[in-house]
Amino acid sequence: MNDLKAIFKDTRQHLMTGVSYMIPFVVAGGILLALSVVFYGQAGVPPEGTWLFDLFMIGVKGFELMVPILAGFIAFSIAERPGIAPAAIGAFVANELGAGFLGAVIAGILGGVVVFYLKKIKVPAVFRSIMPIFVIPIIGTFITAGLMQWVIGAPIASITIGLTEWLQGLQSGSIVILAIIMGLMNAFDMGGPVNKVAFAFTIMAVSEGLYNIAGINAVGVCCPPIGMGLATLLAPKKYTVSEKEAGKASFLMGLVGITEGAIPFAAGDPLRVIPSIMVGAAAGCATAGLLGVQNMIAWSGLIVLPAVTGKLQYIIAIIVGSVVTALMVNLLKKPVQEKENEEIDENIGDELDLKFE
Amino acid sequence: MKIVAVTACPSGVAHTYMSAEALERAAKARGIEVKVETQGQIGIENRLSVEDIKDADVVILTKDIGLKETDRFKEKKIVKVGVSELVKKADQIVKKLEEMINK
């Protein structure tokens, strides 16, 4: 039982490993799908038989693979290579029932745990090579995919459908509250675990066809880096030379949807920067929610513009969020005197909880 | 003293490399030898060699996502830290490790 406890203690690590392998599928599938619709130019799926339709299908296939890849690599994180197949197949099966991303997460953990214990079974030396090649894939997949198909797949699907319906039914007031929360989460750790929870939620929403959630999230993701870049331009006296350089990079990272661009600023001055980007992102997200921005891809920045419905509103929301961020942080910041060597506070280290394992 | 480290983060494009840079800078400022392997979206870069690991007094591993090939560090002193903690507090972490090792 201690093993099981250890696995669940690291749940977040396992989920994030899955997400890290899934991201290229999200980007490739999403952007190619969006491009095909843009080139077609009539806000719909291109007709069959054209190369644009083929491109559309390439994107769709990339999307379909996200679910098994997520599950497979959650299980990979728990039970290494043998975990991948049972979990990926289990998630694929559950997805057919409508279990979506929630199903992928559960299939991933389930497959990982099942294989983790199958690997522990002691076998005589003659059978040792048979275990990883036949026994674990077959039994592991039978248990994982079987449970998903016959036992828990349908209940998970009904939760997913319920959540989707609830999100669809949200009135504009509630949408704004959801948008504010997503904005705060996006900015809080700039691409860290809290941000990735909002990201995972967005992927789920997109796969269920809730494009307004992705519209909101896209704004929240890019406001912190764009806002900080803008801030260095508006008040250059309040930033060091290296911060001004980081400002340009941050601006560009914002345009391609990478919140991490804002980190150099937050690392140097967290108490002023983090609240500012959180408020800015929340303002931008709320604007996007109110204006009904829709985004077909779970990604951010100007590169998703082709996939956005309400392009002008999307840009307005980004501008609102970025300007709020920049004005607030510049209001809070004082002019800097350039220091050659940053002084290290010799006492802070004592608060760190480090230990050898 | 020598520190080796492996860093990785969920998206594998930013925190992975920023934490590596922060650690390298912090260690060099204290005159400590350091080598950081990054396991980003692109794969393993600046891979730690067997000698690197053998010579190291301590191994820093980030704990946000599962790392590849961690069996290499069996029998070493390992410290696990969050990747954003390493970005923000590399100086303090290095200082603390120095105290812990020299104790």
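This report concerns the structure included in the present document. (Residues numbered from 1 in each chain as written. Chains lettered and ligands numbered in written order. Predicted model: local features only at pLDDT ≥ 70, side-chain atom pairs only at ≥ 80, totals over all residues. Heavy atoms only, no water.)

## Considering the overall build of chain B
Line of reasoning, step 1. When helices and strands are counted, chain B shows three helices and five strands.
Line of reasoning, step 2. Mapped from its N terminus to its C terminus, chain B presents α and β elements in the order β-α-β-β-α-β-β-α.
Line of reasoning, step 3. Expected size for 103 residues packed as a compact globule is a radius of gyration near 13 Å; at 12 Å, chain B falls within 12% of this value.
Line of reasoning, step 4. Principal-axis analysis of the C-alpha atoms gives chain B an extent of 35 × 30 × 20 Å. (Helix = DSSP H or I, 4+ residues; strand = E, 2+ residues; numbered from the N terminus. Rg over C-alpha atoms; globule rule 2.2 N^0.38 Å.)

## Side note on a nonpolar patch on the surface
All names here are of chain A.
Line of reasoning, step 1. Together, Val126, Phe127, Ile130, Ile133, Phe134, Ile138, Ile139, Phe142, Ile143, Trp150 and Val151 make up a nonpolar patch on the protein surface, roughly 1200 Å² of accessible area in all.
Line of reasoning, step 2. Tracing the chain through its elements places Trp150 in helix 6 (residues 130–169).
Line of reasoning, step 3. With relative accessibility at 65%, the residue Trp150 sits in the exposed group. (Patch = residues over 30% accessible without salt bridge, like charges linked within 9 Å, V, L, I, M, F, W, Y side chains within 5 Å. Areas by Shrake-Rupley, 256 points an atom, 1.4 Å probe, with all protein chains shown as cover. Salt bridge = Lys/Arg side-chain N within 4 Å of Asp/Glu carboxyl O. Buried < 20%, exposed > 50% of the residue type's maximum accessible area, 1.4 Å probe, protein only.)

## Thoughts on unusual backbone geometry
Residues and elements named next belong to chain B.
Line of reasoning, step 1. Look at Asn46: it is not a glycine, yet its phi comes out positive at around 55 degrees.
Line of reasoning, step 2. Looking at the element boundaries, Asn46 is found in the loop between strand 3 (43–45) and helix 2 (50–55).
Line of reasoning, step 3. A residue is classified by how much of its surface remains accessible, and Asn46, at 41% relative accessible area, is partly exposed.

## Digging into the nonpolar core
Line of reasoning, step 1. Membership of the largest hydrophobic core comes to 69 residues, with the highest contact counts inside it found for Met22(A), Phe101(A), Ile203(A) and Tyr314(A).
Line of reasoning, step 2. By residue number, the principal contributor to this core is helix 3 (residues 51–79) of chain A, which donates 11 residues.
Line of reasoning, step 3. Each of domain 1 (2–168) and domain 2 (171–332) of chain A accounts for three or more of the residues forming this core.
Line of reasoning, step 4. What Tyr314(A) contacts, discounting residues up to four positions off in sequence, is Gly215(A), Ala218(A), Val219(A), Val293(A), Ser300(A), Gly301(A), Val304(A), Leu305(A) and Val308(A).
Line of reasoning, step 5. Core analysis: the next-biggest nonpolar cluster, separate from the first, contains 22 residues, Val36(B), Val58(B), Leu86(B) and Ile101(B) among them. (Core = buried A, V, L, I, M, F, W, Y, C linked by side-chain atoms within 4.5 Å. Domains from an automatic or database assignment. Contact = heavy atoms within 4.5 Å.)

## What to know about the packing of helix 12 (residues 270–291) of chain A against helix 13 (residues 311–332) of chain A
Any two packed helices are characterised by the angle at which their axes cross and by the distance between the axes.
All names here are of chain A.
Line of reasoning, step 1. Helix 13 packs onto helix 12 with a crossing angle of 160 degrees between their chain directions and a minimal axis gap of 8 Å. Classified by the angle their axes make, helix 12 and helix 13 are roughly antiparallel. Here the hand of the crossing between helix 12 and helix 13 comes out right-handed.
Line of reasoning, step 2. Per-class residue counts for the contact of helix 12 with helix 13 are 15 nonpolar, seven polar and one charged. (Axes fitted to C-alpha atoms, helices over the stretch in contact; angles between N-to-C directions. Parallel < 35°, antiparallel > 145°, perpendicular 65-115°, else oblique. Left-handed = near helix turned anticlockwise from the far one by under 90°. Nonpolar A, V, L, I, M, F, W, Y, C, P; charged D, E, K, R; others polar.)

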